[in-house]
Amino acid sequence: MTNRKNKGSKKSVKKQNKHKGKQALQGSKKKHKFNTNPNTHRKRHGGKSVTAEVTCSGLTNEGKGIFLWEGKELEVENLLPGETAEVIISRKGRFTKTEIKRVINSSEDRDIPPHSYYYESGGCQIHHMSYEAQARFKQKTIDKLMKPFGKPEPIITMDHPYDYRNKNTMTFGLNKKRQVICGLYAPNTHQIIPMERSLIHDPKADEIIQTIKGMMNSFKMQPYNEDTGRGFLRHVLVRVGKNSGEIMVVLVAASSMFKGKNNFVKALRKAHPGITTMLLNVNNRSDSMVLGEQEKVLFGKGTITDTLCGLEFQISAKSFYQINPIQTEKLYTKAIEMAELTGEETVIDAYCGIGTIGLVASQKAGKVIGIELNKGAVRDAIRNSKRNGVKNARFYQGDAGEYMVQMAARGEHADVVILDPPRSGSDQAFLSSVTKLKPERVVYVSCNPETQARDMKYLIKNGYKVEEIQPVDMFPQTAHVECVSQLILKDS
Ligand code: SAH
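Below is a summary of the structure that appears in this document. Since this is a predicted model, take the numbers as computed values, not measurements. (Residues numbered from 1 in each chain as written. Predicted model: local features only at pLDDT ≥ 70, side-chain atom pairs only at ≥ 80, totals over all residues. Heavy atoms only, no water.)

**Some details on the overall build of the protein chain**
Logical step 1: The helix and strand tally for the protein chain stands at 11 helices and 21 strands.
Logical step 2: Here the protein chain holds 492 residues, and the buried ones make up 55% of them.
Logical step 3: Pairs at least 24 residues apart make up 65% of the contacts formed inside the protein chain by residues separated by at least 6 positions.
Logical step 4: Summed over all atoms, the accessible surface of the protein chain reaches about 23300 Å², with 49% contributed by carbon and sulfur. (Helix = DSSP H or I, 4+ residues; strand = E, 2+ residues; numbered from the N terminus. Buried < 20%, exposed > 50% of the residue type's maximum accessible area, 1.4 Å probe, protein only. Contact = heavy atoms within 4.5 Å. Areas by Shrake-Rupley, 256 points an atom, 1.4 Å probe, with all protein chains shown as cover.)

Structure below.
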């Protein structure tokens, strides 16, 4: 963040914070306060607790504030470097829990949160930082991790770093007064933190969810109770095609017996004429998965479409689809630029999901081979390929590492390997096959730069050098950072 490009964006970022993203939430600022009641705290964690005045010396990779206490480095959520605060520290056995009681002097990087419950909801770990400070924090994380390989480019930020999620879920339940509530689970629990609006959800999606909550009493629809197994509605999932404007509403229920279904659908459509399809998903599982197997279309096609980099994708309730399409376009454009395609190349799109990167790359490549473990995603990739009239892409279901080992054993060649593995990164089988296949370029897209750095180290030891490292802010307000790197074969 020391370069000109980012300095230039400083003003506009501040402006966005003040005028755009939180505009809809204005007026609720006063409501913000930290959890100041140590008794609540004691009750929640048990054990012994003390309040200490501490000063924050830095941030962890998850965006938590680091401070020193009795010679030990501890961390606490929602504290920024340079800030002094009263922190409640409780010990239970080997575990130490920390919670802010009061910030005594706040940093100029602090952004006043519009709702106190954002602090507890886990989803937005760093929304208390101004967007400029978030970008600096992510840049620093990437710079540190990638230091052995070169100097990363300035992070690609988002113009309006709010409201971006195209997939939004809220969970339903009853509070102590037996009123219907909906919101997100507190981290690592099944306790619902009531929430009307999330900074990063699509605003229309949150509006629809609130309408559903308001309709439940008159339709005698009970929220599901995990302890008793009684009730009906567990979650509502709203998917929005950010470019197409299409909206899918999925009611996730404990049973398929949906009394008053037609009237419910009619009333919701009347309130939100923009809804293009509605589904009932039946989930009687006891784990944390939102969606169950069984699905019934209540109206419309049961899917929505959206465009990404000029291609059209059909999305079902269960499809994997990048949640921030505006930044995804920037990420894919960069990844394809790094592939340096001329129209001749054989490109491997490993860990391809529903084939988005590969299909976009196919426009500029000789041929594309996509590999993906998830059967449903491969089906979507093939369907999307036909939908867009793509003739030079093939998608295979299987383990990317195994597929590459077989390709290497058959002596096949690839010019470019693009990989976008899950958070755990790639594996030995995959990486060693890359070094056998010897593609001229490897484009590594990652949502976890730690495992990316580990895998890049292997490739560098085995004949590759790093040309470019580009962080992209795909998940503003959260501590997650995406990064795409270009590696080239040294003797090519
Ligand atoms: N490139 C896609 C998806 C990236 S997410 C996109 O941008 O949308 C990572 C994908 O890797 C997931 O779809 C997951 O199902 C898949 N995956 C996980 N382990 C895998 C493995 N061993 N082999 C192939 N694919 C795998």
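Now, onward.
**Thoughts on the nonpolar core**
Logical step 1: With 51 residues, the main nonpolar core has V250, L341, I418 and V443 as its most contacted residues.
Logical step 2: The greatest single-element share of this core, amounting to 6 residues, is contributed by helix α6 (residues 325-339).
Logical step 3: Residues from two domains meet in this core; each of domain 2 (143-158 + 324-489) and domain 3 (167-308) gives at least three.
Logical step 4: Residues within four places of V250 in sequence aside, it is in contact with H235, V236, L237, L279, N281, L291 and A317. (Core = buried A, V, L, I, M, F, W, Y, C linked by side-chain atoms within 4.5 Å. Domains from an automatic or database assignment.)

**So, the site of the ligand**
Logical step 1: Inspection of the region around the ligand gives 16 residues, with Q322, Y332, E372, D399 and A400 positioned closest.
Logical step 2: In this structure, a nitrogen atom belonging to the ligand sits 3.2 Å away from a main-chain N or O atom of L373.
Logical step 3: One of the backbone nitrogen or oxygen atoms of A400 is found 2.9 Å away from a nitrogen atom of the ligand.
Logical step 4: Protein chains shield 84% of the accessible area of the ligand, which is 570 Å² for the free molecule.
Logical step 5: When the residues that make up the shell around the ligand are grouped by side-chain class, the tally is 8 nonpolar, 5 polar and 3 charged. (Near = heavy atom within 4 Å. Polar contact = N/O pair within 3.5 Å; in protein donor to acceptor, adjacent residues only side chain to side chain. Nonpolar A, V, L, I, M, F, W, Y, C, P; charged D, E, K, R; others polar.)

**What about the environment of V443?**
Logical step 1: Its place among the elements puts V443 in strand β19 (residues 441-446).
Logical step 2: Under the relative-accessibility criterion, V443 is labelled buried at 0%.
Logical step 3: With 26 residues separating them in the primary sequence, V443 and V417 have C-alpha atoms 6.2 Å apart.
Logical step 4: When sequence neighbours within four positions are dropped, the list of residues in contact with V443 reads A335, M338, A339, V416, V417, I418, L419, V484 and S485.

**With respect to α6**
Logical step 1: Here α6 is 15 residues long and its end C-alpha atoms lie 21 Å apart, about the 21 Å a rise of 1.5 Å per residue gives.
Logical step 2: In the core, the buried residues of α6 are packed alongside β13 (304-308), α7 (356-362), β18 (416-419), β19, β20 (464-472) and β21 (482-489).
Logical step 3: Within two residues after α6, E340 carries a phi angle of roughly 45°, on the positive side. (Expected span 1.5 Å × (residues − 1).)

**What about the side chain of N281?**
Logical step 1: As for its position among the elements, N281 is in strand β11 (residues 275-282).
Logical step 2: The class for N281 is buried, based on a relative accessible area of 0%.
Logical step 3: In terms of polar contacts, N281 uses its side chain to reach the backbone amide nitrogen of G292, at 2.7 Å.
Logical step 4: Once residues within four sequence positions are removed from consideration, N281 is found in contact with V250, L251, V252, A253, L291, G292, Q294, E295 and K318.

**Some points on the sheet that holds β11**
Logical step 1: Here 7 strands make up an open sheet; going across it, the order is β8-β7-β6-β9-β10-β11-β12 and the pairing mixed. The outermost strands of the open sheet, each flanked by one partner alone, are β8 (192-194) and β12 (294-299). On average, adjacent strands in this sheet sit at an angle of 35° to one another, irrespective of strand direction.
Logical step 2: Note that strand β9 (residues 233-240) and strand β10 (residues 247-253) share 7 bridges and pair antiparallel. Residue V236 lies in a different strand from β10, and its bridge partner there is L251. (Pairing = 2+ DSSP bridges. Axes fitted to C-alpha atoms, helices over the stretch in contact; angles between N-to-C directions.)

**So, the sheet that holds strand β17 (residues 393-397)**
Logical step 1: One open sheet accounts for 7 strands, arranged β17-β16-β15-β18-β19-β21-β20; its pairing is mixed. Across the chains shown, the open sheet's two edge strands, defined by having one partner strand only, are β17 and β20. Taking each pair of neighbouring strands and ignoring which way they run, the sheet shows an average axis angle of 15°.
Logical step 2: As paired elements, β20 and β21 share 8 bridges and run antiparallel to each other. Paired with K465 across the bridge in β21 is I488.
Logical step 3: This element, helix α3 (residues 131-146), spans β20 and β21 of the sheet and lies at about 170° to β20.
Logical step 4: Of the strands in this sheet, β16 (367-372) and β17 are in contact with helix α8 (residues 375-387), which crosses β17 at around 165°.

**Concerning unusual backbone geometry**
Most of the time, phi is negative for any residue but glycine, and the peptide bond is trans.
Logical step 1: We note that E340 has phi near 45°; this positive angle belongs to a residue other than glycine.
Logical step 2: By the element assignment, E340 lies in the loop between α6 and β15 (346-350).

**What about the pairing of β21?**
Logical step 1: Along β21, 8 of the 8 residues are buried, which leaves the element largely enclosed by surrounding structure.
Logical step 2: On β21, burial covers both faces: E482, V484, Q486 and I488 on one face and C483, S485, L487 and L489 on the other are all buried.
Logical step 3: In the sheet, β19 pairs with β21 via 6 bridges, with the strands oriented antiparallel. Pairing of Y444 across the sheet is with S485, part of β21.

**Here's the deal with the packing of aromatic side chains**
Logical step 1: With the rule as written, the count across this model stands at 6 aromatic pairs.
Logical step 2: Aromatic pair Y396 and Y403: ring centres 5.5 Å apart, planes at 25°, arrangement stacked.
Logical step 3: The exposure class of Y396 is partly exposed, given its relative accessible area of 36%.
Logical step 4: One aromatic cluster is present, formed by F219, F232, F258 and F264 through successive ring pairs. (Phe/Tyr/Trp six-rings, centres within 6.5 Å; stacked < 30°, edge-to-face > 60°.)

**Points about the side chain of T346**
Logical step 1: Looking at where T346 falls in the secondary structure, it is placed in strand β15.
Logical step 2: T346 gets classed as buried once you look at its relative accessible area, which sits at 15%.
Logical step 3: Excluding residues that lie within four positions of it along the chain, T346 makes contacts with K367, I369, H413, A414, D415 and V416.

**Looking at the pattern of salt bridges**
Logical step 1: A complete count under the given rule lists 18 salt bridges for this structure.
Logical step 2: The salt bridge involving D206 is made with R197; its shortest N-O contact spans 2.9 Å.
Logical step 3: We note a salt bridge from D455 to R454, for which the minimum N-O separation is 2.9 Å.
Logical step 4: For D455, a relative accessible area of 2% corresponds to the buried category. (Salt bridge = Lys/Arg side-chain N within 4 Å of Asp/Glu carboxyl O.)

In short, geometric facts, not functional conclusions.
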